[in-house]
Amino acid sequence: MEELSMKTKSILGLPCDQDVITRHFFEMLDQGKNTESLCNQLWHYLGENLENAQLFFHITRLRSPENSFSSVLLGFLYENGIGTRKNLETAFKIYLDTAENGNLYGKAFVGRCYRLGRGTFENVTEAIRWLDLPSQLGNPNAQSWLAHCYFEPFIIIESVGYACYWLEKAAQGGNSNAQHWLAFCHLHGIGTKKSQKKSFYWFRKSATAGNHDGQLALARFYALMKEDYMKAFEWHLKAVNGKNDDAYFFLGMSYGQGKGTEKNRIKAFYWLNKAAKKENLKAERYLGILHEYGTGTKKDVHEAIKLYRRSKICSGSEILRIFRGYHDD
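Described in the following lines is the structure provided in the data block. Bear in mind the structure is a predicted one, so any value in this text is a computation, not a measurement.

Right, let's talk about the packing of helix H7 (residues 104-116) against helix H8 (residues 124-136) for a bit. Helix packing geometry: the angle between the two helix axes and the distance between the axes. Running from N to C, H7 and H8 point in directions that differ by 155°, and their axes come no closer than 8 Å. Accordingly, the angle class assigned to the pair H7 and H8 is roughly antiparallel. In this structure, H7 crosses over H8, and the sense of that crossing is left-handed. Counting all contacts with H7, which are made through Leu 104, Lys 107, Ala 108, Val 110, Gly 111, Arg 112, Tyr 114 and Arg 115, the residues of H8 involved are Glu 126, Ala 127, Trp 130, Leu 131, Leu 133 and Pro 134. Tallied by class, residues from the contact of H7 with H8 come to nine nonpolar, one polar and four charged.

Looking now at the packing of aromatic side chains. Throughout the structure, instances matching the rule amount to 23 aromatic pairs. With a centroid separation of 5.3 Å and 70° between ring planes, the pair formed by Phe 109 and Trp 145 is classed as edge-to-face. You can see Phe 109 sitting in helix H7 and its partner Trp 145 sitting in helix H9 (residues 140-150), a full 36 residues away along the chain. Residue Phe 109 is classed as buried on the basis of its relative accessible area, which comes to 1%. Taken together, the ring pairs connect Phe 25, Phe 26, Phe 69, Phe 76, Tyr 95, Tyr 105, Phe 109 and Trp 145 into an aromatic cluster. It is Lys 226 that lies over the ring of Phe 200; its NZ or CZ is 4.5 Å from the centre. The cationic tip of Lys 274 hangs over the ring face of Tyr 248; the distance from NZ or CZ to the ring centre is 5.1 Å.

Residue placement: Asp 228 occurs in the loop between helix H13 (212-224) and helix H14 (229-239). Its relative accessible area of 29% is what places Asp 228 among the partly exposed residues. Considering only alpha carbons, one finds Asp 228 and Gly 260, 32 residues apart in sequence, at a separation of 7.7 Å. With near-sequence residues (within four places) excluded, Asp 228 lies in contact with Tyr 222 and Ala 223.

This part covers unusual backbone geometry. A positive phi is found at Glu 48, a non-glycine position, where the angle reads about 50°. For Glu 48, the location among the structural elements is in the loop between helix H3 (35-45) and helix H4 (50-63). Glu 48 sits in the exposed class, given a relative accessible area of 63%. With phi around 65°, Glu 279 is a residue other than glycine that occupies positive phi space. Relative to the elements of secondary structure, Glu 279 occurs in the loop between helix H16 (265-277) and helix H17 (281-293).

One pass over the full model with this rule turns up eight salt bridges. Arg 63 is the salt-bridge partner of Asp 19, the closest N and O atoms lying 2.6 Å from each other. Of this pair, Asp 19 sits in helix H2 (residues 18-31) while Arg 63 sits in helix H4, and the two are 44 residues apart along the sequence. On the accessibility criterion, Asp 19 (33% relative accessible area) is partly exposed. A relative accessible area of 8% means that Arg 63 is categorised as buried. Between Glu 234 and Lys 231 there is a salt bridge; the shortest N-O distance is 3.9 Å.

So, how was this worked out
Residues numbered from 1 in each chain as written. Predicted model: local features only at pLDDT ≥ 70, side-chain atom pairs only at ≥ 80, totals over all residues. Heavy atoms only, no water. Axes fitted to C-alpha atoms, helices over the stretch in contact; angles between N-to-C directions. Helix = DSSP H or I, 4+ residues; strand = E, 2+ residues; numbered from the N terminus. Parallel < 35°, antiparallel > 145°, perpendicular 65-115°, else oblique. Left-handed = near helix turned anticlockwise from the far one by under 90°. Contact = heavy atoms within 4.5 Å. Nonpolar A, V, L, I, M, F, W, Y, C, P; charged D, E, K, R; others polar. Phe/Tyr/Trp six-rings, centres within 6.5 Å; stacked < 30°, edge-to-face > 60°. Buried < 20%, exposed > 50% of the residue type's maximum accessible area, 1.4 Å probe, protein only. Lys NZ or Arg CZ within 6 Å of the ring centre and 35° of its normal. Salt bridge = Lys/Arg side-chain N within 4 Å of Asp/Glu carboxyl O.

This is the structure:
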């Protein structure tokens, strides 16, 4: 296996071998990185190269029989189609095999699959059963996923307290996703007392750990609760790295309104356009206005009307008025 490890390092041309990539994967998992972030980071390690990804998948598959952590990672590669064709059923079977052999991450992934219905049927009761042991033993990722099971709408209302309990555990363990959701609970008094102070604390912890949802939430907190638009703009800039359409929208609005930064209509149009491409209705509305009046872009009433229709903010008569006004110019 040492030969395989060295082969991985030399062919991939990376500063780390398969063992290091595997270790980093589980570190990021415990930190609360979501699936998209995990996939992006793996692609980064692999030089964003398909041949490297295929080789990494091949070596991980060869190592998996004797290394349960490689097996869990192999399941993740199948689940997300990294280096191989996506196969949710195969991923679930691999997770289940590692779970039955005692790997806590395997148990956590089995629970997650049951909660989301990935590769198996959706079953929250089964999800809780599989997530319970790794959560009790201090796995922050399992704790965060278990908390979300108790938020499911068909679970009794008293269980929201359990959700906050496990979010607190996971947040204390450094899981940035749990920190974000715990802050949300404190902000709205869900399963716990309302506390803007605690909400701000956990949003900031999540954001500084690099969680893009936490960064966006912290930006909105600065804008709405503290009216500190410069800080809000600073965190909006970081949040857009998560490719979230709301992050694109609010950054575009910051440039459009000149809040926390200099007003820049071209940049406003750029970010609102990115949000609109992800079908953000608020962005489509404001982008329509920019197109209608030629702000930050060339005037295009036909495009404005198309955006208004999609965002459903204008009645038929209003759209007709805009169209007639355009031809009367």
